[in-house]
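Chain by chain, the residues run as shown.
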Amino acid sequence: MPTDPATPSESSATQKPSNAGHSRTLARHPRPLGGDPIRTLRPTVSLSSMILNNEDDAVHHLSVKKKPSWLKAKLPGGENFRATKANIDSHKLHTVCEEAACPNMGECWARGIATIMILGDTCTRACGFCNVKTGKPLPIDKDEPRRVAESLRGAGLKHIVITSVDRDDVPDGGAGIWAETIMRTREACPDMSIEVLIGDFKGDEAALQMVIDAQPNIIAHNLETVRRCHPAVRPSARYERTMELLKRVKAQSAVAKTGIMVGIGERKEEVFELFDDLVAMTADHNGPRDKHDQSRGDACDIITIGQYLQPTRNHLPIDRWVHPDEFEEYKRVGESKGIKLVVSGPLVRSSYLADEQADMFGLFDESE
Ligand code: SF4
């Protein structure tokens, strides 16, 4: 699915290994990705082969690495948090915040902001970083767009992010439900901007076009990681296919956004290469021109960069804690290479403070 996280990526390393956790992990991952979450097996267990070729490093083994101080997040709780939860539950909706055990729930939900996850709670893909349940989903729920819109009506939000699981089991990948959700949400909340964090629809151009035609304010699709790490981190997706999707969005004048996790096995230089690719590959169209260089198209507008956190011991291990100074460097370098807004920090997720990102990008200014 298109995690939100660091999508996905919206995940937490806070779960304690226990027998209960073990059964939960197996239940949530009918197609286990490898490894064994039981702590006593640690010396024989490693998922590191999935992120091989970090030539300069020794083999990594699963181990609980102490979180650095800069990754402390606000604990969930309080009146606003409970009100957000009650609203989600009463409309029988899912959120990626909960499904991915996002560390920012305490902060976001206290602000009344959650990222709604449509098309059910079960993803047809099994990415190595993502905590969303994977398996055979229930049939498409045709009433879901109405419930999403009703949950947002009167909530007083300036901006909302909606995402989905991947539905490779249905012919349009869920694009029809996406379009209806956007349309109904706009009707219910005409002054709110809508950001959609979508999957790749397996490259189906007609499905993507349905979403573009529904005219959300921002269309996001996450790269999740650098090119080399795709086979291990995101085996059902393709680096080029994601770039192609973002290019199609830009060719039609929409605002495009992507996101990656760091600390999952990539190297700094590879992130810089990804910046170059993002500018070059998403600007390769005949649509609106780049403001500073008319010879090329307008490129992907926003990228978010956050620390990968291993959701359970059955997911890919953390390769390293990325220091806040390095996040600063990514912002500096990315923007110097032509990306309009780089939002980079340890706890940044694609939907984290997305209203502020939209504000920084000037979305509200233009619409007001
Ligand atoms: S960053 Fe906030 S809105 Fe996004 S998934 Fe995490 S808790 Fe939800």
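Residues numbered from 1 in each chain as written. Predicted model: local features only at pLDDT ≥ 70, side-chain atom pairs only at ≥ 80, totals over all residues.

Enquirer: Sorry, what's going on with the site of the ligand here?
Expert: Around the ligand lies a shell of 14 residues, among which Cys97, Cys102, Cys108, Ser351 and Tyr352 are the nearest. Elements that contribute at least two residues to the shell around the ligand include exactly α3 (96–99) and α4 (105–110). The residue inventory of the shell around the ligand, partitioned by class, reads eight nonpolar, three polar and three charged. (Near = placed C-beta within 6 Å. Helix = DSSP H or I, 4+ residues; strand = E, 2+ residues; numbered from the N terminus. Nonpolar A, V, L, I, M, F, W, Y, C, P; charged D, E, K, R; others polar.)

Enquirer: Looking at this structure, how should I read the confidence of the model for the protein?
Expert: Note: predicted coordinates in regions of low pLDDT should not be interpreted at a detailed level. The pLDDT averaged across the protein works out to 84; a share of 81% of its residues lies at or above 70. Between residues 5–62, whose pLDDT stays under 50, and residues either more than four places distant or in other chains, the model counts 129 contacts. (pLDDT = per-residue confidence, 0-100. Contact = placed C-beta atoms within 7 Å.)

Enquirer: What should I look at first to understand the environment of proline 324 in this one?
Expert: Within the secondary structure layout, proline 324 lies in helix α11 (residues 324–336). If near-sequence neighbours (up to four positions away) are discounted, proline 324 is found in contact with Trp70, Gly345 and Pro346.

Enquirer: So what exactly am I meant to see when it comes to the sheet that holds strand β3 (residues 159–164) here?
Expert: Whether parallel or antiparallel, the strands of a sheet pair through hydrogen bonds between backbone atoms. As summarised here, the arrangement of the eight strands in space is β1-β2-β3-β4-β5-β6-β7-β8, forming an open sheet in which the pairing is mixed. Each of the sheet's edge strands pairs with one partner strand only, and the pair in question is β1 (94–95) and β8 (341–344). Bridging between strand β6 (residues 255–262) and strand β7 (residues 302–307) involves six bridges; their strand directions are parallel. Pairing of methionine 261 across the sheet is with glycine 306, part of β7. (Pairing = 2+ DSSP bridges.)

Enquirer: How should helix α10 (residues 268–282) be read in this particular structure?
Expert: With 15 residues, α10 extends 21 Å between its outermost C-alpha atoms, agreeing within 8% with the 21 Å of an ideal straight helix rising 1.5 Å per residue. The set of residues buried in α10 consists of Val271, Leu274, Leu278 and Thr282. Projected onto a plane normal to the axis of α10, the buried residues spread over an arc of 50° and lie on a single side. In α10, the exposed residues that point more than 90 degrees away from the buried face are Glu269 and Asp276. Turning to α10, the residues buried within the fold contact α9 (239–251), β6, β7 and α11. (Expected span 1.5 Å × (residues − 1). Buried ≥ 20, exposed ≤ 12 C-beta atoms within 10 Å, placed from the backbone. Arc of directions from axis to C-beta.)

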